[in-house]
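# Structural overview for review
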Amino acid sequence: TIIPRGQALGLTHQLPEEDKHIQPGKYWEDRICVLMGGYLAEETVYHDTATGASNDIQVASNIARRMVCEWGMSKKLGTVNYSSDHSNVFIGRELSSGKNFSEETAHIIDEEVRRIVTEQLERGRRLIQENRSKLDSIARALLVYESISGDQLRDILSGKELNLPESENGSEAVARPDVGPTPLDTNNPLTESNH
């Protein structure tokens, strides 16, 4: 959706296809790649980036750091836990607790985190460049309908016409979870919603 929610000016929500509590490294690489999507779309379309991707960058960096420091997903560092123990956090503890590894190891950790994020950034950049027409189609649909569902997104990506529900007056509408159907007909009284 491109409808602002809280501090976000738009939102992409992904639902799991099944309950999973253990995820492989490939899943986390894919997550980082997806998180870079908004940043890369801005870069591709506007040849510039804005501050809107700051949270995505933070989450992607945190995932990459956990891959390296906690989950043994770095060949350079292997299956050693390099995360700080914050199990007994109290005021001031994080200021007094030091790293339990050398400066050289800290440098390798930083390099590995950067490598993972950069590899997925480049992967995402290639995907967007190869699928630029689909990116433009998604943007056009969002400008018209403001929100699209997963099924509608799949229709766009496969080149089909959007399968939109019919409103009571016959105009096409898309369901929005916050305010219900949003008709395309701007003269329809249903467009006068409080949002």
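A brief report on the enclosed structure follows. Throughout, residues of each chain are indexed from 1 in the direction in which the sequence is written. With pLDDT at 70 or above as the cut-off, local features in this predicted model cover only qualifying residues; side-chain atom pairs require 80 or more to be listed or tallied, and sums for whole chains, interfaces and linings still use all residues. Excluding hydrogens and water, the side-chain figures rest on all heavy atoms present in the structure.

### Structural notes on the overall build of the protein
What counts, and what does not: Helical segments are the DSSP runs of H or I of at least four residues, strand segments are the runs of E of at least two, and each set is numbered from the N terminus. Relative accessibility decides the category of a residue: with a 1.4 Å probe and only protein chains considered, values under 20% of the type maximum give buried, values over 50% give exposed, and everything between is partly exposed. Should any heavy atoms of two residues lie within 4.5 Å, those residues are counted as being in contact. Computed with a 1.4 Å probe, the accessible areas rest on the Shrake-Rupley method; for each residue, only the protein chains presented here act as cover.
From N to C terminus, the protein includes seven helices and two strands. Each helix and strand of the protein, placed in order from N terminus to C terminus, yields the pattern α-α-α-α-α-α-α-β-β. With 195 residues in all, the protein has 26% of them scored as buried. Restricting to contacts in the protein with at least 6 residues of sequence separation, those with at least 24 account for 49%. Accessible surface, the protein: about 13700 Å² in total, of which carbon and sulfur atoms supply 52%.

### Overview of the side chain of Arg125
What counts, and what does not: As used in this structure description, the phrase polar contact means that two N or O atoms lie within 3.5 Å; if the pair is within protein, one of them must be able to donate a hydrogen and the other to accept it, and residues adjacent in sequence are counted only when both atoms belong to side chains.
In this fold, Arg125 is placed in helix H5 (residues 103-130). Within the structure, the side chain of Arg125 is placed 2.5 Å from the side chain of Glu122, a separation counted as a polar contact. Apart from the residues lying within four places of it in its own chain, the contact partners of Arg125 are Leu40 and Glu43.

### A few points about the nonpolar core
Spelled out, the test is: Nonpolar cores were defined as sets of buried Ala, Val, Leu, Ile, Met, Phe, Trp, Tyr and Cys residues, with membership established by side-chain atoms within 4.5 Å.
In this structure, Ile32, Val68 and Ile109 are the most contacted members of the largest nonpolar core, which totals 22 residues. Broken down by secondary-structure element, the contributors of at least two residues to this core are helix H1 (25-35), helix H2 (37-46), helix H3 (54-69) and H5. What Val68 contacts, discounting residues up to four positions off in sequence, is Ser74, Leu77, Ile109, Glu112, Val113 and Ile116. Grouped together as the second largest cluster of nonpolar side chains are seven residues, Ala141, Leu142, Tyr145 and Leu162 included.

### Concerning the packing of aromatic side chains
Where we set the bar: Two aromatic rings from Phe, Tyr or Trp, using only the six-membered ring of Trp, form a pair when their centres are within 6.5 Å; if the ring planes differ by under 30 degrees the pair is stacked, by over 60 it is edge-to-face, and anything between is tilted.
A full pass over the atoms with the stated rule returns three aromatic pairs. Pairing Tyr82 with Phe101 gives two aromatic rings, centres 5.8 Å apart and planes at 80°, and the pair type is edge-to-face. Here the residue Tyr82 occupies a position in the loop between H3 and helix H4 (93-96), and Phe101 occupies one in the loop between H4 and H5, the gap between them amounting to 19 residues. The burial state of Tyr82 is the same as that of Phe101; both residues are buried. The structure contains a cluster of three or more aromatic residues connected by ring pairs, namely Tyr27, Trp28 and Trp71.

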